[in-house]
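Now for the letters of each chain:
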Amino acid sequence: MCAQKTPAENGGAAAESQSDGPDYRDTVFLPDTDFPMRAGLPKREPEWLARWEEIDLYARQRDASRGKPRYELHDGPPYANGNLHIGHALNKILKDIVVRSHQMLGFDSRYVPGWDCHGLPIEWKIEEAYRQKGKDKDDVPINDFRAECRAFADQWVEVQREEFKRLGVVGEWDRPYLTMSYKAEAVIAREFMAFLMNGTLYRGSKPVMWSPVEKTALAEAEVEYHDHESHTIWVKFPLETPAAADLSGAGVVIWTTTPWTIPSNQGVAYSSKIAYGLYEVTDAPDENWTVAGDKLVMADALAEESFKKGRVEGVSRLRDVGADELSKLVCRHPLHGLSGAEGFWDYDVPLLEGDFVTDDQGTGFVHCAPSHGADDFELFVKNKMTDRITHNVEADGAFAAHVPLFSGKRILKPNGKEGDANKAVLEALGAAQDESGRSALLARGKLKHSYPHSWRSGAPLIFRNTPQWFVAVDKPMESEDPALNGQTVRGLALKSIDADVRWYPQSGRNRLYSMIENRPDWVLSRQRAWGVPLTCFMRRSVDKGVEKVELLRDPAVNQRIVEAFEAEGADAWFREDAAERFLAPDYDPAEWEKVADILDVWFDSGSTHAFALAERVDKNGEPDGLWPASLYLEGTDQHRGWFHSSLLQGCGTRGRAPYERVLTHGFALDEQGQKMSKKLGNGVAPQDVLKQYGADILRLWVVQSDYTEDLRIGPEILKNVADSYRRLRNTLRFMLGALKDFDESERLAPEEMPELERLMLHRLAELDPIVRECYQEFDYPKLFQALFGFCTTDLSAFYFDIRKDALYCDGPDSVRRRACRTVMDLLFERLSIWFAPMLAFTAEDVWLSRHGAAAAPDGPLGSVHLQTMPETPSAWLDETLAEKWRALRKLRRVVNGALEIERREKRIGSSLEAAPTLHITDPEMIAAAESLEGPDTLADVLITSAATFARGEGPASAFGLADAPGVTVTPGAAPGAKCARCWRVLPDVGLHAAPATCARCDSVLAAQQR
């Protein structure tokens, strides 16, 4: 039939355009299907969800998979504290594609969704509600508060469950895992106590990321970095005597972006790799902080910029100051002798060499407050000066009562805005003077830079020294398990990264390996209320002025705690009788202190592998666990989050990572590549996409995108995705229509088929391993492009285009028609199954539209998602045939180009009115044209009524394409009349019994009348 307007596209046979001729409309075998052209996904998808629930699809899949190899994607738990955003949709859709595809690849592919229910995201919401009511959290009994947190989390679990299901995600939704379930809380406590028992748990005091707003320590995974404007100050630390004569009255200059840390200064760091000099000011404005005669020591590379900031107009460099000399110098605190300070800062400030000091910015000297900086702290530990670590800042970010001048001054206000501490310190430094009356300040300013913020409250953080509980990642473990005994958590983790895990992409491995390699000890404790407590008891004593902590390590006590948690949840720890309940009669509760902190929420989620995988039970309570997981799949931020904590936890308790593969995806950005934010108003809510387009469009966006990088989404992108979807849908719809009433008696074996059908079987055999490999390796963009190109280029624009004539106009017994419908059947089965993991709803719709009554809910055809990928025989591969048809497709392309000009010039209306002559010089094309076998002629392939070819160059006027050398085309009109049934222009039209028909159509009409 005509490539431009088929009978189906014109609504009937050719008689409509030839009103004076016979009407053969009812004799043409037009496609017929109830499958709608318009998808109507927002309305129809809920119908398929209801059907999956009705037939209990997930349970049916489990029954069908019994005895097959297990594949389990372990769900990284989202927080149960709000509606889903587009990142959630991206993540869950990817997971669903993994689960569905592996189910169809022949695995027992499990998916148990889970939620993270503890920690600040939920606790913060309850506290916000309290604040709005003027209610104080501390006035509420802790277990009453925890009950409110539990109810809040439970509410959002229900909301998010339905939102995830609407995306088409299939899983064990009626039995998800929750970190707040009693069983989970018991296992989390038991996993924590494994570190207690292996000797790596310890109580230490060091600076940690601290949120004054939330009054708790934060892990790195809970930290975001945003631009922040900080105060900058250049401060002079006067040198003590005795020193070299020319250093008398001189000062060492430091630079810092945290003025509030100056009251806690205990030292100044320098680097032996930096060149320093002694400078004397020769000229400066009146009433300047720095005046003529001031002598200052700083890095040569930074001196000019520093003096410029201090408005110094003239300076002389007196000499070098080497590292040996610096190591012997001692400074005074700039607030030394300040009125009203009561001698609080009247102590020496040593100079210490630090490898973290650079001359990139500042002065080449770093002021050290070991209570408020990780590098500072480690430097003081290295120099055995931990007795100088202060505790000057309270949990809320206010200076403690014992700090003169600044007591009660806040670094941050409760709303996260800057408090009055920086201003107070700046004023004090401005008023401070050394013995010669020189100011302590050289300069001050503002700096906009990247700064850590809490990802929950959005407030800036500080480093604050507090007693916390740590796991020592480099301490050899004490264990009865030989795989663990003597090993370190870090060592096992680094080994497991390469020995046990495959990474997608490989860069994820490099990122996590570097993090593990360089990470400090693991901070486990948080100063909150909603979570699993650190279930341990300690006994404190003082030896030579140093506090020592003894931990109770008793398996019997641990077991009592686990049993109580299994029955009552972690609330049991917070009951007034908890200490006596767990310790008596073996220990005196009065001698042991119950730890009040709760576990970092990342320890909770890092433990999910223990209760959601290893100790999972089925609905009958029978063991049904699998460990390690087949796959962990989350965003790239989880290298510092869930992937990280799960690795440490798994290695510390079981000796290896709890996962065999790790797949990471990027973040969703707007169409301009900007991060989505409420402020910019550029967010794309999945709920809005579902209402406008449906979930399958969102799913198609995911598979079309390179999700290993950040993905862009917005109105124009979604519009393009919807267009791709429409083209795929039309391909599937055409097959449905063409296959109406297909019967097994029509089926032909491949060896009985024409070349064109065998070519399509060859393409299926080429695609099959690509589909399987892409699903196994999670390469969905490559898979989509392969299938989309096949559907639109190989099928719609080529195979279907050629075969419409045979499908519509050949007789039912025609070899071409039977072969085509046989291939259509094979195409339909594979494409509907191959697309099913990606387009879950559409594939189901297509499948049931085809199978109709045979698709009974309890039957094997009841859902496309109950099918496995059919084997595609390798015998279908025929590269020689494919090479021949590649040459024929080049011929088609040149002919189509020539006929397009003829149509544009209105010399023809349809390609069936043409009889082109091909002038061929390319040997492969000549051989292809000469060797066409079976019922198809060159005209059939070109969709013309006639076609001839000649060897050699064509006339100068012949049409050609630069990218298809070796063939040119001379258009010509087809001789004869137009068949009223098939529209071919042939010489024999009108010479047969049926009026105005060709021989082929006359024969089909005669058979229909018999």
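Residues numbered from 1 in each chain as written. Predicted model: local features only at pLDDT ≥ 70, side-chain atom pairs only at ≥ 80, totals over all residues. Heavy atoms only, no water.

J.: Just give me the short version of the overall build of the protein, but keep the residues and values in it.
T.: The helix and strand tally for the protein stands at 29 helices and 33 strands. Expected size for 1010 residues packed as a compact globule is a radius of gyration near 30 Å; at 38 Å, the protein overshoots this value by more than 25%. For the protein, the C-alpha atoms occupy an extent of roughly 125 × 80 × 55 Å along the three principal directions. Here the protein holds 1010 residues, and 57% of them are scored as buried. (Helix = DSSP H or I, 4+ residues; strand = E, 2+ residues; numbered from the N terminus. Rg over C-alpha atoms; globule rule 2.2 N^0.38 Å. Buried < 20%, exposed > 50% of the residue type's maximum accessible area, 1.4 Å probe, protein only.)

J.: I'd like to hear about the confidence of the model for the protein, residue by residue, with values.
T.: Model confidence for the protein is summarised by a mean pLDDT of 92, while 97% of its residues fall at 70 or above. For the stretch residues 1–19, pLDDT sits under 50, and the model shows 59 contacts to residues farther than four places along the chain or on other chains. (pLDDT = per-residue confidence, 0-100. Contact = heavy atoms within 4.5 Å.)

J.: Quick one: what's the story with the environment of Thr 535, residue by residue and with numbers?
T.: Following the sequence through the fold, Thr 535 ends up in the loop between strand S20 (525–526) and strand S21 (537–543). A relative accessible area of 1% places Thr 535 in the buried class. The spatial distance from the C-alpha of Thr 535 to the C-alpha of Leu 663 is 33 Å, given a sequence separation of 128 residues.

J.: An account of the pattern of salt bridges is needed here, citing residue identities and associated values.
T.: Using the criterion set out here, one finds 83 salt bridges in the structure. The shortest N-O distance in the salt bridge between Arg 25 and Asp 23 comes to 3.4 Å. By relative accessible area, which is 31% here, Arg 25 ends up partly exposed. A relative accessible area of 48% means that Asp 23 is categorised as partly exposed. Two residues, Glu 593 and Arg 540, come together in a salt bridge whose shortest N-O distance is 2.9 Å. Here Glu 593, found in strand S23 (residues 593–594), pairs with Arg 540, found in strand S21; they are 53 residues apart in sequence, far enough to count as distant. Each of Glu 757, Arg 803, Asp 805, Asp 810, Arg 816, Asp 936, Asp 940, Arg 984 and Arg 1000 takes part in a single network of salt bridges with overlapping partners. (Salt bridge = Lys/Arg side-chain N within 4 Å of Asp/Glu carboxyl O.)

J.: Residue-level account of the sheet that holds strand S11 (residues 295–299), with values.
T.: Taken in spatial order, the six strands line up as S12-S10-S11-S8-S7-S16 in an open sheet, and their pairing is mixed. The strands lining the two open edges of the sheet, one partner per strand, are strand S12 (314–321) and strand S16 (441–454). Between one strand and the next, the sheet's axes are offset by a mean angle of 30°, whatever the strand orientation. Across seven bridges, strand S10 (residues 276–283) lies against S12 in antiparallel orientation. Counted as the bridge partner of Leu 278 is Arg 319 from S12. Those strands touched by helix H8 (residues 300–309) are strand S7 (223–238), S10, S11, S12 and S16, and its axis lies near 130° from that of S11. (Pairing = 2+ DSSP bridges. Axes fitted to C-alpha atoms, helices over the stretch in contact; angles between N-to-C directions.)

J.: I'd like to hear about unusual backbone geometry, residue by residue, with values.
T.: Geometrically, the link from Tyr 504 to Pro 505 is a cis peptide bond, its omega value of -10° lying close to zero. If you trace the backbone, Pro 505 turns up in the loop between strand S18 (502–504) and helix H13 (506–518). Across the junction of Ala 584 and Pro 585, the peptide omega takes the value 0°, indicating a cis bond. Summarising the element assignment, Pro 585 is placed in the loop between helix H15 (578–583) and S23. The phi dihedral of Arg 311 is positive, around 55°, even though this residue is not glycine. Turning to its location among the elements, Arg 311 is positioned in the loop between H8 and S12. Of note in the backbone geometry, Ala 996 takes a positive phi value of approximately 55° without being a glycine. Tracing the chain through its elements places Ala 996 in the loop between strand S33 (985–986) and helix H29 (999–1009).

J.: Quick rundown of the state of the cysteines? Include the residues and the values.
T.: The full count for this structure, using the stated rule, is zero disulfides. The thiol sulfur of Cys 979 is not disulfide-bonded, and the nearest other cysteine sulfur, from Cys 982, lies at 3.6 Å. Cysteine Cys 998 remains unbridged, with the sulfur of Cys 1001 as its closest cysteine sulfur at 3.7 Å. Owing to a relative accessible area of 2%, Cys 998 belongs among the buried residues under this scheme. (Disulfide = S-S within 2.5 Å.)

J.: I'd like a rundown of the packing of aromatic side chains, residues and numbers included.
T.: Under the counting rule described, the total for this entry stands at 33 aromatic pairs. Aromatic pair Tyr 111 and Trp 173: ring centres 6.3 Å apart, planes at 75°, arrangement edge-to-face. Remark: Trp 173 occurs in the loop between helix H6 (142–166) and strand S4 (177–178) and Tyr 111 occurs in strand S2 (residues 108–112); sequence separation between them is 62 residues. You can call Tyr 111 buried: its relative accessible area is 0%. The exposure class assigned to Trp 173 is buried, which follows from its relative accessible area of 7%. (Phe/Tyr/Trp six-rings, centres within 6.5 Å; stacked < 30°, edge-to-face > 60°.)

J.: Got a sec to walk through helix H14 (residues 555–568)? Specific residues and values, please.
T.: In this model, H14 (14 residues) spans 20 Å end to end at C-alpha, consistent with the 20 Å of a helix rising 1.5 Å per residue. Buried residues of H14: Val 557, Asn 558, Ile 561, Val 562, Ala 564 and Phe 565, and no others. Along the long axis of H14, the arc covered by the buried residues comes to 165°, so they all point the same way. In H14, those exposed residues whose orientation departs by more than 90 degrees from the buried face are Pro 555 and Ala 567. Residues of H14 that are buried in the fold lie against helix H7 (182–197), S21 and H15. Sitting at the head of H14, Asp 554 places a side-chain oxygen 2.8 Å from the backbone nitrogen of Ala 556. Gly 569 occupies a position one or two residues after H14 and carries a positive phi of about 80°. (Expected span 1.5 Å × (residues − 1). Arc of directions from axis to C-beta. Polar contact = N/O pair within 3.5 Å; in protein donor to acceptor, adjacent residues only side chain to side chain.)

J.: Tell me about the side chain of Thr 258, and name the residues and values.
T.: Note that Thr 258 resides in the loop between strand S8 (251–256) and strand S9 (267–270). Those residues in contact with Thr 258 that sit more than four places away from it in its chain are His 231 and Asn 422.

J.: With reference to specific residues and values, describe the nonpolar core.
T.: Counting 164 residues, the largest nonpolar core has Trp 701, Tyr 799 and Leu 831 as the members making the most contacts within it. The leading source of residues in this core is helix H23 (residues 780–809), at 15 residues. The residues touching Tyr 799, leaving out its near neighbours within four places in the chain, are Leu 756, Glu 757, Met 760, Asp 794, Cys 820, Val 823 and Leu 827. Of all hydrophobic cores here, the second largest spans 71 residues; its members include Met 477, Phe 537, Ala 570 and Leu 583. (Core = buried A, V, L, I, M, F, W, Y, C linked by side-chain atoms within 4.5 Å.)

J.: Residues and numbers for the sheet that holds strand S31 (residues 967–970), please.
T.: One open sheet holds the three strands; their spatial order is S30-S29-S31, and the pairing between them is mixed. Of all the strands in the sheet, the pair left with one neighbour each is strand S30 (948–951) and S31. For this sheet, the mean angle separating the axes of adjacent strands, direction not counted, is 25°. Here strand S29 (residues 917–920) runs beside S31; their pairing, made up of four bridges, is antiparallel. Directly across from Leu 918, in S31, lies its bridge partner Val 969. Sitting on the sheet, helix H26 (residues 879–904) touches S29 and S31, and the angle it makes with S31 is about 35°.

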